[in-house]
Amino acid sequence: MHCLRCDDAYLEGTYLGATAVERCPACMGHWFARGDLAAFLKSPTVGYFADRYAELKIPAVRITGAPDCPGCGVTLRRARPAQLGQAAVDVCPRCGGTWLDGVEIQRVLVTQVKGKGLVRQALEIIEWVVGLPWKTK
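Quick summary incoming for the structure in this document.

Rules and cut-offs
Residues numbered from 1 in each chain as written. Predicted model: local features only at pLDDT ≥ 70, side-chain atom pairs only at ≥ 80, totals over all residues. Heavy atoms only, no water. Phe/Tyr/Trp six-rings, centres within 6.5 Å; stacked < 30°, edge-to-face > 60°. Pairing = 2+ DSSP bridges. Helix = DSSP H or I, 4+ residues; strand = E, 2+ residues; numbered from the N terminus. Axes fitted to C-alpha atoms, helices over the stretch in contact; angles between N-to-C directions. Core = buried A, V, L, I, M, F, W, Y, C linked by side-chain atoms within 4.5 Å. Buried < 20%, exposed > 50% of the residue type's maximum accessible area, 1.4 Å probe, protein only. Contact = heavy atoms within 4.5 Å. Salt bridge = Lys/Arg side-chain N within 4 Å of Asp/Glu carboxyl O. Polar contact = N/O pair within 3.5 Å; in protein donor to acceptor, adjacent residues only side chain to side chain.

Right, let's talk about the packing of aromatic side chains for a bit. One pass over the full model with this rule turns up four aromatic pairs. Connected via pairs of aromatic rings, a cluster forms that spans Phe 32, Phe 40, Tyr 48, Phe 49 and Tyr 53.

Right under this line is the structure:
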């Protein structure tokens, strides 16, 4: 699969925990299949990857317009969800695939881990240890 931002790079299959993704080695952009970004952000490994990605020096990529979906060719739609720290997320309206530029995946990971309050983190730990669903909203 060709990178959505780089002219001369191809995406490489890799894993973020148990989630399979396609990642560009040049710009660090990530392609997630439908539902895989949400599954990854709910996984216990997200903290590990947040620490690793926070240390990376990701190159700035020039954005020249909305890219096309690498799977079905439809033009992706840009969104900036508040729950993802206003990161620019490109979503395919047909197949549900999601593209995050390298700097955006950093922002999402930092928001998911560092943005949680101490009380919410404590309740999630209790839920994990005890197995009880705590409501934090």
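Now that the structure has been shown, the text picks up again.
Moving on, we come to the sheet that holds strand β6 (residues 98-100). Within the open sheet, the six strands sit side by side as β1-β2-β3-β6-β5-β4. Their pairing is antiparallel. Two strands in the sheet have a free side with no partner beyond their single neighbour: β1 (12-16) and β4 (77-79). Strand after strand, the sheet turns through a mean of 30 degrees between neighbouring axes, direction not considered. Bridge count between β4 and strand β5 (residues 89-91): three bridges; the pairing is antiparallel. Within β5, the position partnered with Arg 78 by the bridge is Asp 90.

Judged by nonpolar contacts, the single largest core of 19 residues is most densely connected at Leu 16, Phe 32, Phe 40, Leu 41, Tyr 53, Leu 100 and Leu 109. Looking at this core, the elements that each hand over two or more residues are α1 (36-42), α2 (46-54) and α3 (102-114). Here this core takes four residues from α2, the largest share from any one element. With near-sequence residues (within four places) excluded, Leu 109 lies in contact with Phe 40, Leu 41, Val 46, Phe 49, Ala 50 and Tyr 53.

To continue, consider the pattern of salt bridges. Using the criterion set out here, one finds four salt bridges in the structure. Between Asp 90 and Arg 5 there is a salt bridge, and its shortest N-O distance comes to 2.9 Å. Taken together, the residues Asp 90 in strand β5 and Arg 5 in the segment before β1 connect sequence positions 85 residues apart. Residue classification places Arg 5 among the buried positions, given a relative accessible area of 11%.

Attention now moves to the side chain of Asp 101. Topologically, Asp 101 is positioned in the loop between β6 and α3. A polar side-chain atom of Asp 101 sits 2.9 Å from a polar atom in the side chain of Arg 5. With sequence-adjacent residues up to four places away left out, Asp 101 is seen in contact with Arg 5, Met 28, Gly 29, Ile 63 and Arg 78.

These values are about where atoms sit, not about what they do.
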